[in-house]
Amino acid sequence: MEPLTLDMILVMLMIAVAVFLFIVEWVRVDVVAILMMVVLPLLHLVTPKEAFTGLSSNAVVSIIAVIIIGAGLDKTGMINQLVSPIVRLAGKSPSRIVIFISVTIAGISSFMQNIGAAALFLPAVQRVSRSLKVPISKLLMPIGFSAILGGTITLVGSSPLILLNDLLTPFNLKPFGLFDVTPVGVLLVASGIACFILFGRFILPQGEADVDTAAPVGSSVESYREQLGELHELLTPDDFTHYRDPITVRDLRRRYLVNVVALTEQPDFKVLSPSADAMIRSGSDILVVGREEDVERMAEQLGMAHKESLEFFKEEAAEHLAGTVEAVVGPRSPWIGRTLRQINLRDHFQVVPLAIFRHGESYRAEISDMPLQVGDAILIQGTWKRLQELQAERSLLFTTPIDVELLRPEKAFFAGFWLLLALVMILVFKIQLSVCLMTGALGMILTRVLSIDEAYQAVDWRTIFLLAGLIPLGIATEKTGTAAWIAHTVLGAIGTVQPIVLLAVIGLLSTVFTLVISNVGATVLLVPLVVNMAIAANADPRMAALVVGLATSNSFILPTHQVNALYMGPGHYRSVDFMKAGLLVSVVFLVVMVAAIYLFYGAS
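Residues numbered from 1 in each chain as written. Predicted model: local features only at pLDDT ≥ 70, side-chain atom pairs only at ≥ 80, totals over all residues. Heavy atoms only, no water.

1. Structural notes on the pairing of strand 7 (residues 352-358)
Quick reminder of the rule: Think of it in three bands: with a 1.4 Å probe and only protein chains considered, a residue is buried below 20% of the maximum accessible area for its type, exposed above 50%, and partly exposed in between. Where helices and strands are cited, they refer to DSSP runs of H or I of at least four residues and of E of at least two residues respectively, numbered from the N terminus. We treat two strands as partners when DSSP finds at least two bridges between them.
In terms of burial, strand 7 is a largely internal element, seven of the seven residues being buried. For strand 7 and strand 9 (residues 377-383), the ladder comprises five bridges, and the chain directions are antiparallel. Of the residues in strand 9, the one forming a bridge with Ile356 is Ile378. In this sheet, strand 8 (residues 361-363) lies alongside strand 7 in antiparallel orientation, the contact comprising three bridges. Each bridged residue has a counterpart across the sheet, and for Ile356 the counterpart in strand 8 is Tyr363.

2. Remarks on the packing of helix 18 (residues 412-427) against helix 19 (residues 433-446)
What counts, and what does not: Angles shown run from 0 to 180 degrees and are taken between the N-to-C directions of axes, each axis being a line fitted to C-alpha atoms and, for helices, limited to the stretch in contact. We call two directions roughly parallel when the angle between them is under 35 degrees, roughly antiparallel when it is over 145, roughly perpendicular when it lies between 65 and 115, and oblique otherwise. Two helices crossing with the near one rotated counterclockwise from the far one by less than a right angle form a left-handed crossing, whereas a clockwise rotation gives a right-handed crossing. Every residue pair with non-hydrogen atoms within 4.5 Å of one another is taken to be in contact. Note on residue classes: Ala, Val, Leu, Ile, Met, Phe, Trp, Tyr, Cys and Pro are nonpolar, Asp, Glu, Lys and Arg are charged, and everything else, Gly too, is polar.
Relative orientation of the contacting elements helix 18 and helix 19 amounts to 165 degrees, with a least axis distance of 8 Å. Taken as axis vectors, helix 18 and helix 19 run roughly antiparallel relative to one another. For the pair helix 18 and helix 19, the crossing hand works out as right-handed. From helix 18, Ala415, Trp418, Leu419, Leu421, Ala422, Met425 and Ile426 reach across to helix 19, where they touch Leu433, Cys436, Leu437, Thr439, Gly440, Gly443 and Met444. When the residues that make up the contact of helix 18 with helix 19 are grouped by side-chain class, the tally is 11 nonpolar, three polar and no charged.

3. Regarding the sheet that holds strand 7
On the basis of which strands lie adjacent, the open sheet formed by five strands has the order 8-7-9-6-10 and antiparallel pairing. With one partner strand each, in any of the chains shown, strand 8 and strand 10 (397-398) form the two edges of the open sheet. Across two bridges, the pairing between strand 6 (residues 322-328) and strand 10 is antiparallel. Bridge pairing links Val328 to Leu397 in strand 10. Here helix 17 (residues 384-393) sits on the sheet and contacts strand 6, strand 9 and strand 10; the angle it forms with strand 9, its principal contact strand, is near 135 degrees.

4. Comments concerning the nonpolar core
Short version of the rule: Residue types Ala, Val, Leu, Ile, Met, Phe, Trp, Tyr and Cys, when buried and joined through side-chain atoms within 4.5 Å, form a set referred to as a nonpolar core.
Counting 127 residues, the largest nonpolar core has Leu546, Tyr567, Met593 and Ile597 as its most contacted members. When residues in this core are grouped by element, the largest group, 11 residues, is from helix 27 (residues 575-600). The contact partners of Leu546, leaving out residues within four places of it in the chain, are Leu161, Leu164, Phe176, Val181, Ile597 and Tyr601. Residues Val329, Leu340, Leu345 and Phe398 belong to the second largest nonpolar core, which totals 20 residues.

5. Comments concerning the packing of helix 23 (residues 499-516) against helix 25 (residues 541-551)
Two elements in contact, helix 23 and helix 25, have axes whose closest approach is 8 Å; the angle formed by their N-to-C orientations is 30 degrees. The element helix 23 and its partner helix 25 pack so that their crossing is right-handed. Contacts between helix 23 and helix 25 involve Leu503, Ile506, Gly507, Ser510, Thr511 and Thr514 from the first element and Met543, Ala544, Val547, Val548 and Ala551 from the second. Class assignment of the residues belonging to the contact of helix 23 with helix 25 gives a composition of seven nonpolar, four polar and no charged.

6. Quick look at helix 10 (residues 182-203)
Selection rule: Helix span, as expected, comes to 1.5 Å for every residue beyond the first. At any given residue, the bend is defined as the angle formed between two axes, one fitted to the seven residues that end at that position and one fitted to the seven that begin there.
For helix 10, with 22 residues, the first-to-last C-alpha span of 28 Å runs short of the 32 Å given by 1.5 Å per residue. Ile197 marks where helix 10 bends most, by close to 50 degrees. For helix 10, the set of buried residues is Thr182, Val184, Gly185, Leu188, Val189, Ser191, Gly192, Ile193, Cys195, Phe196, Gly200 and Ile203.

7. Considerations on the sheet that holds strand 5 (residues 305-306)
What the five strands build is an open sheet, ordered 3-2-4-1-5; its pairing is antiparallel. Bordering the open sheet on either side are strand 3 (269-272) and strand 5, each of which pairs with just one other strand. With two bridges joining them, strand 1 (residues 230-235) and strand 5 adopt antiparallel strand pairing. The partner of Leu234 across the bridge, within strand 5, is His306. Each of strand 1, strand 4 (285-290) and strand 5 touches helix 14 (residues 292-302); the most contacted strand, strand 1, lies at about 10 degrees to it.

8. Regarding the environment of Leu470
Examined against the element boundaries, Leu470 turns out to sit in helix 21 (residues 461-479). What makes Leu470 buried here is its relative accessible area of 14%. For Leu470 and Gly54, which are 416 residues apart along the polypeptide, the C-alpha to C-alpha distance reads 7.8 Å. Sequence-distant contacts of Leu470, that is, excluding residues within four places in its chain, are made with Phe22, Ala33 and Thr560.

9. Thoughts on unusual backbone geometry
In the Ramachandran plot, Leu257 falls in the positive-phi region, its phi being about 60 degrees despite a non-glycine side chain. Along the chain, Leu257 turns up in the loop between helix 13 (249-256) and strand 2 (259-265). With a relative accessible area of 24%, Leu257 lands in the partly exposed category. A positive phi angle, near 65 degrees, is found at Arg448, a position not held by glycine. Assignment of secondary structure puts Arg448 in the loop between helix 19 and helix 20 (452-458). On the basis of relative accessible area, Arg448 is assigned to the exposed category, the value being 63%.

Following this line, the structure appears as structure tokens:
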């Protein structure tokens with residue numbers, strides 16, 4: 001074994017400094033990474049070119065591209081379509097949401113880069129957090145850990161497992177099949193999810209739902225919710241217009257205090273924000289806003305079928321497409337003295353005025369003919385796009401600015417095409433990952449799935465610099481021989497032990513390495529060493545190598561893994577939060593992994 005050199009000491013000192021700064025958080029984690037990027041070449045531990053090679057590395061460029069692709073898919077609503085049925089099955093229980101989404105993201109991660117799956121689901125999880133008012137800190141970490149664990153289910157789920165067979169070739173060992181690791185991987189995913197379900201209250205930060213983003217409407221709107229009621233969907237009978245005078249949208253408001261916000265015209269044409277004179281026809285679906293008792297009374301008297309949930313207008317009423325806002329008539333508004341009938345909001349802006357609040361009183365029935373006064377608050381329902389147009393007209397003062405993400409479902413084909421093209425390039429043509437993914441990202445920009453500014457905004461640049469800055473630290477660790485010295489020292493110290501103990505030590509060593517250097521670097525360095533150690537200890541060298549391939553995914557204690565770094569900002573996590581939860585998950589990971597390998601494959 002080589003003697004300890006000055007360069008090795010300096011590298012270990014820099015590793016210790018980085019870990020210390022991650023813990024105390026005197027500066028942000030990305031600043032720590034940039035510090036490594038600058039100090040390492042000054043100490044001549046890496047060359048200047050190596051110091052900045054992370055910014056152009058295949059991994060970092062791939063992450064930028066996949067985040068842009070994920071933003072494009074979310075912009076079209078495709079990911080939301082996938083998440084919606086999962087959330088519907090999970091209900092409003094945070095535990096069930098974590099289980100269902102975690103299982104889904106783990107399955108996706110088993111066949112694609114876990115950072116890609118994590119990036120694709122991030123906007124959707126944020127939307128779930130807002131809509132259900134569940135603190136995002138309770139959702140993102142379990143889901144992110146599941147994305148990492150999903151990479152252990154198949155041999156193509158993570159880079160270390162992809163490399164494994166190539167590293168075994170020099171030893172003439174039998175290669176692993178695609179699903180050889182699946183039993184172990186499934187148990188790892190299940191145990192990771194179980195940790196958060198059973199101990200989540202103790203290991204997760206107990207944050208609160210973000211009041212500012214919990215709902216895109218003003219707080220006063222919520223205070224009026226009991227007076228106004230909720231959305232209801234009804235179906236008129238086939239003989240609705242046969243034996244009665246025509247009934248209009250205005251009639252329903254006047255008689256039942258129910259506002260029609262959408263209806264169907266024959267055959268199935270949907271009309272949003274219909275005019276007050278629009279007729280309610282036979283066999284039509286209508287979407288209304290009203291109190292439960294008022295809607296039930298209307299349905300009973302008019303023979304309508306009151307549906308248990310939204311069906312026909314489910315998409316149009318989705319939170320990300322439509323909602324309710326409060327707007328006030330200002331002192332300089334051109335609408336002062338005019339009535340809503342004269343202004344005709346339904347025809348001009350395709351929105352529906354629900355109520356007027358004046359001097360502490362609410363008016364819901366005959367509001368169309370009320371001359372507006374300064375200070376009147378009008379509650380308005382419509383699509384966010386139309387409400388934004390009304391806000392831009394500046395005739396009303398909106399109590400809460402409308403700042404919601406407008407989806408582009410018409411671009412779904414292009415988003416799906418560019419994602420499919422990138423995957424085909426990866427799987428069929430064997431082109432470098434970063435080139436394939438950047439092709440898909442560029443395609444989405446060129447076909448206007450999202451703009452170039454939106455693409456820049458989608459990328460969490462703190463994550464990019466965090467990863468880019470740690471890459472030269474990994475290079476220095478390997479280049480100076482520090483990694484080899486540590487491995488030889490630890491493996492030489494344990495001597496001859498039982499095979500299961502050897503697997504546990506290898507798993508622990510791999511876990512420590514992957515926290516400070518890349519999982520690929522740890523795999524390349526450790527596999528040859530542990531294979532020789534296993535042969536000397538009369539243990540199965542294939543299982544020793546498999547432990548390395550799996551344990552390099554055991555990267556939960558520090559936010560250095562790509563997925564952890566991606567979720568750190570949006571989840572409002574600190575380094576200590578990852579340490580608290582990551583320590584438990586890491587210990588469970590090692591125990592389950594060693595036990596499963598010993599159970600399914602044996603170790604000798």
